Amino acid sequence: MGFWERAADYVPLLLQGVWLTLIVTFLSVALSTLLGFLWAVMAWTRHPVLVAISRGFVTIIRGIPIIVQLFYIYFVMPEIGINLTAMQAGIIGLGIAYSAYQAENFRAGIEAIDKGQIEAAHSIGMTDQLVMRRVILPQAIRIVLPPFGNTIIMILKDSSLVSTITVAELTRQGQLIAASTFDNMTVFTLVALIYLALSLPLTFLTRHLEKRYSQA
Amino acid sequence: MIQVQDIHKSFGTLNVIKGVSFEVNKGEVVCIIGPSGSGKSTILRCINGLETYQRGAILIEGAKVDPADRSITNLRTQVSMVFQRFNLFPHRTALENVMEGPVFVKKTAPTQARDQAAALLDKVGLGDKLDTYPGKLSGGQQQRVAIARALAMQPKAILFDEPTSALDPELVGEVLTVMRDVAAEGMTMVVVTHEMEFARAVADRVLFLEGGVIVEQGPPQDVLRNPRHPRTQDFLHRVIHPME
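Starting from 1, residues in each chain are numbered consecutively following that chain's sequence as written. Just so you know, chain letters begin at A and ligand numbers begin at 1, following the order they were written in. Predicted model: local features are reported for residues with pLDDT of at least 70 only, side-chain atom pairs are reported and counted for 80 or more only, and whole-chain, interface and lining totals are derived from all residues. Think of the side-chain values as coming from all heavy atoms in the structure, minus any hydrogens and water.

**With respect to the overall build of chain A**
To be explicit about the condition: Strands here are runs of E lasting at least two residues and helices are runs of H or I lasting at least four, both read from the DSSP assignment and numbered beginning at the N terminus. Type-normalised accessible area, obtained with a 1.4 Å probe on protein chains alone, sets the label of each residue: buried when under 20%, exposed when over 50%, and partly exposed for intermediate values. Contact criterion: two residues are considered in contact whenever any of their non-hydrogen atoms come within 4.5 Å of each other. For the accessible areas, the method is Shrake-Rupley and the probe is 1.4 Å, while residue cover comes only from the protein chains on display. When charges are counted, Lys and Arg are positive and Asp and Glu negative, with His and the chain ends excluded. A charge is said to be at NZ when it belongs to Lys, at CZ for Arg, at CG for Asp and at CD for Glu.
When its secondary structure is counted, chain A shows eight helices and zero strands. Secondary structure elements in chain A, listed N-terminal to C-terminal, are α-α-α-α-α-α-α-α. Taken along the three principal axes of its C-alpha coordinates, chain A extends 75 × 50 × 20 Å. Across the 216 residues of chain A, 43% fall into the buried class. Long-range pairs, those at least 24 residues apart, make up 76% of the contacts in chain A with a sequence separation of at least 6. Working note: accessible area of chain A is about 11,200 Å², and carbon and sulfur atoms make up 69% of it. Taking the average place of the 14 positive charges on the side chains of chain A and the average place of its 12 negative ones, the gap between the two points comes to 9 Å.

Structure representation (structure tokens):
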């Protein structure tokens, strides 16, 4: 059997993994965006307690390998009575880990807005909430979007880490097939090509955004 | 209308305002002059609640300006501010900049706010720039949009913080002309400026500030033409004859 015949055998199994990879990626992106935005806004308030919580959290999360965080959530949490499925643990783990990176990105976007504009907004009676919604966010989004695209690509690739806590996503499916067929060459070539096929459109989109917003 | 009562302000150990008191009556134009670092802008920023102050009180029609209190947003709708660097919202057109406060703070109906904003921009000579973004406007035009934005709040007073200091010399006149027109309509104004000509022509009263205290104050013909205090004399001499 040649490469293509064997590939045709493996692809349906791998596609099952792709489906889980996409779910893990999508939900982790959503969770990390939500949490990351929360940390960034907390830091922006200058409220000492909120700033300390936000900064402490981001510092701790960034200092621990993602794979260890995943192990912690999946293997340690049950010991204190929190039982999560592998899928749940994977999404929550990646979401929390990446929220720290997203927060840095959002914070940079928020702080890039000229302080004078914020004062001007305050001087016409805007509340902080309104300043955020009408002045900061519309401009910060343009700054934040290209690095946000890069973050999605990184989460897509790092979703392979949840294979270590038994989620049968693309990488895990590949390992299982390779273990039973010993056809490492075909299997991992396919796995790599599939990741590439998923990430390349995002890469091009990100480049497009970077170009568009650097001109504006 | 605006009462500044014995204000003290320091940044760390640096005392920038050391007991300043003055009043601005309704319809009055008060110009604050003085060397840089004298605390002129800081006082203006305190009146708008953009800076805190350690001692004394600032009252707007009897209501205390307290940047930490919720009431500050309401007070700011009554006192507008025009900044040295214009501070327009770059992602919104001239018209949208002017509409922003009425629509989102005062909850004016957008169609009504649009008409008012267009009329104000026409008044400051920018009736043909309604849909232009700030980036495509000259400094003088941007500052006129900023004045229209301040007027759109229908404030009781407007604070001007060195409104022409960031402008090329040939653009200063168009902004001062608009300010003079606003003054002529009876707007209460506090203007921090280096434009002595404007102060002479428009101000009802001039305050000379140095080292965080008011050194001299009075009508422009007194303070600017016949200053009594040697520090005022020295400052005016240096402004009028910079090369000597």
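**Things to note about the pairing of strand 10 (residues 213-218) of chain B**
Residues and elements named next belong to chain B. Test applied: Pairing between strands requires that DSSP locate at least two bridges from one strand to the other.
Pairing between strand 9 (residues 205-210) and strand 10: five bridges, direction antiparallel. Note on strand 10: the bridge partner recorded for Phe208 is Glu216. Between strand 9 and strand 10, which pair antiparallel and follow one another directly, the connecting turn spans two residues, one of which, Gly211, has a positive phi of 60°.

**Details of the interface of chain B and chain A**
Short version of the rule: Take the accessible area each of two parts loses on contact, using a 1.4 Å probe, and add the two losses: that sum is the buried area. Whenever a carboxyl oxygen of Asp or Glu lies within 4 Å of a side-chain nitrogen of Lys or Arg, that contact is scored as a salt bridge. Polar contact is defined as a pair of N or O atoms within 3.5 Å, subject to the rule that within protein one atom must be able to donate a hydrogen and the other to accept it, and that residues adjacent in sequence are counted only when both atoms are side-chain atoms. Charged residues are taken to be Asp, Glu, Lys and Arg, nonpolar residues to be Ala, Val, Leu, Ile, Met, Phe, Trp, Tyr, Cys and Pro, and polar residues to be all remaining types, Gly included.
Between chain B and chain A, the contact holds 22 residues from the first and 18 residues from the second. Taken over both partners, the interface formed by chain B and chain A buries close to 1,700 Å², and the fraction arising from carbon and sulfur atoms is 62%. Three residues, Phe89(B), His91(B) and Phe104(B), lead the burial of chain B against chain A; their summed loss comes to 28% of the area buried on that side. For the interface between chain B and chain A, the tally reads two salt bridges. Note that Arg45(B) and Glu119(A) form a salt bridge whose closest N and O atoms lie 2.5 Å from each other. Here chain B is connected to chain A by six residue pairs in polar contact (both at pLDDT 80 or more). Listing elements by their share of the side of chain B that touches chain A, those giving two or more residues are helix 2 (71-78), strand 6 (79-82) and helix 3 (94-104) of chain B. Looking at side-chain class alone, the side of chain B that touches chain A contains 10 nonpolar, seven polar and five charged residues.

**Details of the packing of helix 5 (residues 115-123) of chain A against helix 6 (residues 128-158) of chain A**
Residues and elements named next belong to chain A. How we decide: Axis definition: a line fitted to C-alpha atoms, over the contacting stretch in the case of helices. Angles run 0 to 180 degrees between N-to-C directions. By convention the crossing between two helices is left-handed if the near helix lies anticlockwise of the far one by an angle smaller than a right angle, and right-handed if it lies clockwise.
Put simply, helix 5 and helix 6 touch, their axes get as near as 10 Å, and they point 145° apart. Pair helix 5 / helix 6 crosses with right-handed handedness. Counting all contacts with helix 5, which are made through Gln117, Ile118, Ala121 and His122, the residues of helix 6 involved are Asp128, Val131, Val135, Ile136 and Gln139. Split by residue class, the contact of helix 5 with helix 6 holds five nonpolar, three polar and one charged.

**Some remarks on the pairing of strand 6 of chain B**
Residues and elements named next belong to chain B. Of the two faces of strand 6, the one lined by Val79 and Met81 and the one lined by Ser80 and Val82 are each fully buried. In this structure, strand 6 lies alongside strand 7 (residues 157-161), joined through four bridges in parallel fashion. Looking across to strand 7, one finds that Val79 is bridged to Ala157.

**Focus: the sheet that holds strand 10 of chain B**
Residue and element names in this part refer to chain B. Spatial ordering of the open sheet is given by 6-7-8-3-9-10, a layout of six strands whose pairing is mixed. Both outer strands of the open sheet, strand 6 and strand 10, are each paired with one neighbouring strand and no more. Across the sheet, the mean angle from the axis of one strand to that of its neighbour is 20°, orientation sign disregarded. Against the sheet, helix 5 (residues 139-152) engages strand 6 and strand 7, with an angle of about 175° to strand 6.

**Description of the packing of aromatic side chains**
Worth spelling out the cut-off: Any Phe, Tyr or Trp ring, taking Trp's six-membered ring, that has another such ring centre within 6.5 Å forms a pair; planes under 30 degrees apart are called stacked, those over 60 apart edge-to-face, and the others tilted. Here, a charge over a ring means that NZ of Lys or CZ of Arg falls within 6 Å of the ring centre while also lying within 35 degrees of the ring normal.
Summed over all chains, the structure comprises seven aromatic pairs over all chains. When the ring of Phe71(A) is compared with that of Phe75(A), the centres are 5.6 Å apart and the planes differ by 55°; the resulting orientation is tilted. On the criterion of helical spacing, the pair formed by Phe71(A) and Phe75(A) is a turn pair, its members being four residues apart in helix 3 (residues 66-76). Using a relative accessible area of 44% as the deciding quantity, one classes Phe75(A) as partly exposed. Each residue in the set Phe71(A), Tyr74(A) and Phe75(A) is aromatic and connected to the rest through ring pairs, giving one cluster. Seen from the ring of Phe89(B), Arg149(B) lies directly overhead, with NZ or CZ sitting 4.8 Å from the centre.

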